[in-house]
Amino acid sequence: MKIGILTSGGDCPGLNAVIRGAVLKGITVYGHEFVGFLDGWRGVVEADIIDLPRTAIRGIAKQGGTILGTSRTNPFDNGGGPEVIKAHLDRLGIDAIIAIGGEGTLAAAKRLSDAGLKIVGVPKTVDNDLDATDYTFGFDTAVQIATEAIDRLRTTGESHHRCMIAEVMGRHAGWIALHAGMAACAHAILIPEQKIGIEQIVQWAKGAHSRGRAPLIVVAEGFVPEHMESPHSERGLDAFGRPRLGGIADQLAPEIEARTGIETRATILGHIQRGGVPSAFDRVLATRLGMAAIDSVVDGCWGTMVALKGTEIDHVSFAEALGKLKAVPQRRYEEAALLFG
């Protein structure tokens with residue numbers, strides 16, 4: 001069997017480990033042949049591939065990014081669609097696709113699978129917001145990077161007696177903000193699941209300042225304060241029609257400074273959370289998911305995604321994987337909120 005692998009959407013620590021796990025098991029156990037589609041769905045639509053022999057994946061598990069490249073190409077745009085893609089696969093002799101990506105990638109994979117293409121998915125999102133899996137690779141690395149950065153912001157904030165705001169990733173769910181904020185002992189954590197007014201944020205900042213502390217606030221990019229209707233976005237839409245978020249920290253900083261009199265600075269961590277080498281946890285998880293994806297291909301489990309359930313790898317349908325967002329539960333936020341102010 002000849003299998004094509006693609007990595008689509010935002011880059012993420014652990015992508016190369018998935019590729020390695022899939023190719024290594026596929027070759028050594030099943031004798032399969034592998035190719036990689038370059039730059040995500042663009043490579044599928046344009047039939048742009050490279051061979052993936054065992055030598056191509058040697059030592060890549062510890063590398064960040066993806067050796068295949070990635071993009072936010074929509075496979076149904078720019079001359080794509082199931083008929084065009086199927087014709088490419090038939091011509092190239094490719095029997096199945098392993099699509100590694102997040103919500104947008106897997107939604108496209110479901111549509112193509114429903115149209116008859118043989119596709120298996122591997123979940124990838126640093127936001128950890130896919131409900132059908134307990135954890136996604138990349139999340140642990142992103143939290144570690146964010147925590148280290150926030151720790152550094154704390155020291156400069158304390159030196160200058162400033163309020164520091166760190167903006168982290170989190171479009172719909174605040175998992176990175178919650179975990180990194182708790183780890184860094186933030187005085188307030190602001191996430192998309194909780195609409196909070198500016199006055200409450202100010203109270204938390206004042207409370208910390210009154211005790212001689214430099215207020216530290218962690219905010220997810222998708223946080224919507226009570227006075228706003230939607231997340232802050234001024235950079236247009238991506239290829240899947242979603243707003244490009246970022247900048248809510250810059251909106252909050254002058255408001256907090258004006259209301260508290262505390263000099264306030266905002267830092268947007270942005271893509272630094274995606275960069276660098278994956279953590280040990282993410283390397284292991286990504287490798288296991290890659291190996292499990294090959295089992296799904298061999299078993300003909302088309303239209304399914306591999307997932308982590310507890311400590312075991314499971315297989316769920318695309319419909320189940322995309323049916324519900326994994327948001328931060330109220331109890332988890334209330335647990336963290338006991339530490340605010």
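Computed from a predicted model, the values in this text were never measured in an experiment.

Caption draft 1: Structural detail: the pairing of strand β11 (residues 312–317). By the bridge criterion, six bridges tie strand β10 (residues 304–309) to β11 in an arrangement that is antiparallel. Following the sheet pairing, Leu-308 is matched in β11 by Ile-313. Linkage of β10 to β11, two consecutive antiparallel strands, is achieved through a turn of two residues, within which Gly-310 is found at a positive phi near 70°.

Caption draft 2: Structural detail: the pattern of salt bridges. Counted by the stated rule, this structure contains 14 salt bridges. Close ionic contact of Asp-295 with Lys-25 constitutes a salt bridge, the shortest N to O distance being 2.9 Å. Of this pair, Asp-295 sits in helix α9 (residues 280–298) while Lys-25 sits in helix α1 (residues 15–28); the two residues are 270 residues apart in sequence, bridging distant segments of the chain. Linking Glu-199 and Arg-259 is a salt bridge whose minimum nitrogen-to-oxygen distance equals 2.3 Å. You can see Glu-199 sitting in helix α7 (residues 198–210) and its partner Arg-259 sitting in helix α8 (residues 248–260), a full 60 residues away along the chain.

Caption draft 3: A look at the UniProt feature "binding site: ATP" (unreviewed entry) in the chain. The UniProt record marks Gly-10, Arg-72, Thr-73, Gly-102, Glu-103, Gly-104 and Thr-105 with the feature "binding site: ATP" (unreviewed entry), using the residue numbering of this structure. Of the residues just listed, which span 96 residues, no C-alpha pair is farther apart than 13.3 Å, and they cluster in one region. Summarising the element assignment, Arg-72 is placed in the loop between β3 (49–51) and α3 (82–92). For Arg-72, a relative accessible area of 32% translates into the label partly exposed.

Caption draft 4: Molecular detail of the packing of helix α5 (residues 139–160) against helix α6 (residues 175–183). Two elements in contact, α5 and α6, have axes separated by 9 Å at closest approach and are oriented at 45°. As far as their axial angle goes, α6 and α5 are oblique. Relative to α6, α5 is oriented so that their crossing is right-handed. Here Phe-139, Ala-142, Val-143, Ala-146, Thr-147 and Ile-150 of α5 lie close against α6, whose contacting residues are Trp-175, Ile-176, His-179, Ala-180 and Ala-183. Its residues assigned to classes, the contact of α5 with α6 shows nine nonpolar, two polar and no charged.

Caption draft 5: Focus on the packing of α1 against α9. Packing of α1 against α9 brings their axes to within 7 Å, and their N-to-C directions diverge by 40°. By the criterion of interaxial angle, the relationship of α1 to α9 is oblique. Where α1 crosses over α9, the two elements pack in a sense that is right-handed. The residues of α9 that touch α1, namely those facing Ala-17, Val-18, Arg-20, Gly-21, Ala-22, Lys-25 and Gly-26, are Arg-283, Ala-286, Thr-287, Gly-290, Met-291, Ile-294 and Asp-295. Across the contact of α1 with α9, the residue classes break down as six nonpolar, four polar and four charged.

Caption draft 6: Structural detail: the packing of aromatic side chains. Taken as a whole and assessed by the stated rule, the structure comprises four aromatic pairs. Aromatic side chains Trp-204 and Phe-340 sit 5.0 Å apart centroid to centroid with 80° between the ring planes, which places their arrangement in the edge-to-face category. In this pair, Trp-204 is assigned in helix α7 and Phe-340 in the segment after α11 (330–337), connecting sequence segments 136 residues apart. Judged by relative accessible area, which is 11%, Phe-340 ranks as buried. Ring pairs connect the aromatic residues Tyr-135, Phe-139 and Phe-281, which therefore count as one cluster. Positioned above the aromatic ring of Phe-76, the side-chain terminus of Arg-111 is 3.6 Å from the ring centre. Across from the ring centre of Tyr-135, 5.9 Å away, lies the NZ or CZ of Lys-326, which sits over that ring.

Caption draft 7: Looking closely at α5. Its 22 residues place the ends of α5 31 Å apart at the C-alpha level, agreeing with the 32 Å of an ideal helix rising 1.5 Å per residue. Residues of α5 that are buried include every one of Phe-139, Thr-141, Ala-142, Val-143, Ile-145, Ala-146, Thr-147, Ala-149, Ile-150, Leu-153, Arg-154 and Gly-157, and no others. Positive phi appears at His-161, one or two residues downstream of α5, with a value of about 60°.

Caption draft 8: How the structure looks around the sheet that holds strand β8 (residues 216–220). Within the open sheet, the four strands sit side by side as β7-β8-β6-β9. Their pairing is parallel. Sheet topology places β7 (188–190) and β9 (264–268) at the edges, where each strand pairs with a single neighbour. Within the sheet, the average angular offset between the axes of one strand and its neighbour, ignoring direction, is 15°. Bridge count between strand β6 (residues 163–168) and β8: five bridges; the pairing is parallel. Opposite Ala-166, over in β8, you have Val-218 as the bridge partner. Most of the contacts of α5 go to β6, to which it runs at about 165°, and overall it touches β6, β8 and β9. Packed onto the sheet, α6 meets β6, β7 and β8 and runs at close to 170° relative to β7.

Definitions and cut-offs
In this numbering scheme, every chain counts its residues from 1 along its sequence in written order. This being a predicted model, a pLDDT of at least 70 is required before a residue's local features are given, and a value of 80 or more before pairs of side-chain atoms are given or counted; all residues contribute to the totals for chains, interfaces and linings. As a rule here, side-chain values come from all non-hydrogen atoms in the structure, and water together with hydrogens is ignored. A pair of strands counts as paired when DSSP detects no fewer than two bridges linking them. A run of H or I in DSSP becomes a helix once it reaches four residues, and a run of E becomes a strand once it reaches two; helices and strands are each numbered from the N terminus. We define a salt bridge as a contact between a side-chain nitrogen of Lys or Arg and a carboxyl oxygen of Asp or Glu at a distance within 4 Å. UniProt positions are given in the numbering used here, feature names are shortened, and annotations may be inferred rather than shown by experiment. Partly exposed describes any residue whose relative accessible area lies between the buried limit of under 20% and the exposed limit of over 50%, with all areas from a 1.4 Å probe on protein chains only and scaled to the type maximum. Only the stretch in contact is used when fitting a helix axis, every axis being a line fitted to C-alpha atoms; angles between N-to-C directions are given from 0 to 180 degrees. We call two directions roughly parallel when the angle between them is under 35 degrees, roughly antiparallel when it is over 145, roughly perpendicular when it lies between 65 and 115, and oblique otherwise. By the definition used in this description, the sense in which the near helix is turned from the far one sets the handedness, with an anticlockwise turn below a right angle giving left-handed and a clockwise turn giving right-handed. Two residues qualify as a contact provided that any one of their heavy atoms is within 4.5 Å of a heavy atom in the partner residue. By the convention adopted, Pro, Cys, Tyr, Trp, Phe, Met, Ile, Leu, Val and Ala count as nonpolar, Lys, Arg, Asp and Glu as charged, and the other residues, Gly among them, as polar. Two aromatic rings from Phe, Tyr or Trp, using only the six-membered ring of Trp, form a pair when their centres are within 6.5 Å; if the ring planes differ by under 30 degrees the pair is stacked, by over 60 it is edge-to-face, and anything between is tilted. Lysine and arginine charges are scored as sitting over a ring when NZ or CZ, respectively, is within 6 Å of the ring centre and within 35 degrees of the ring normal. Working rule for helices: expected span equals 1.5 Å times residues minus one.

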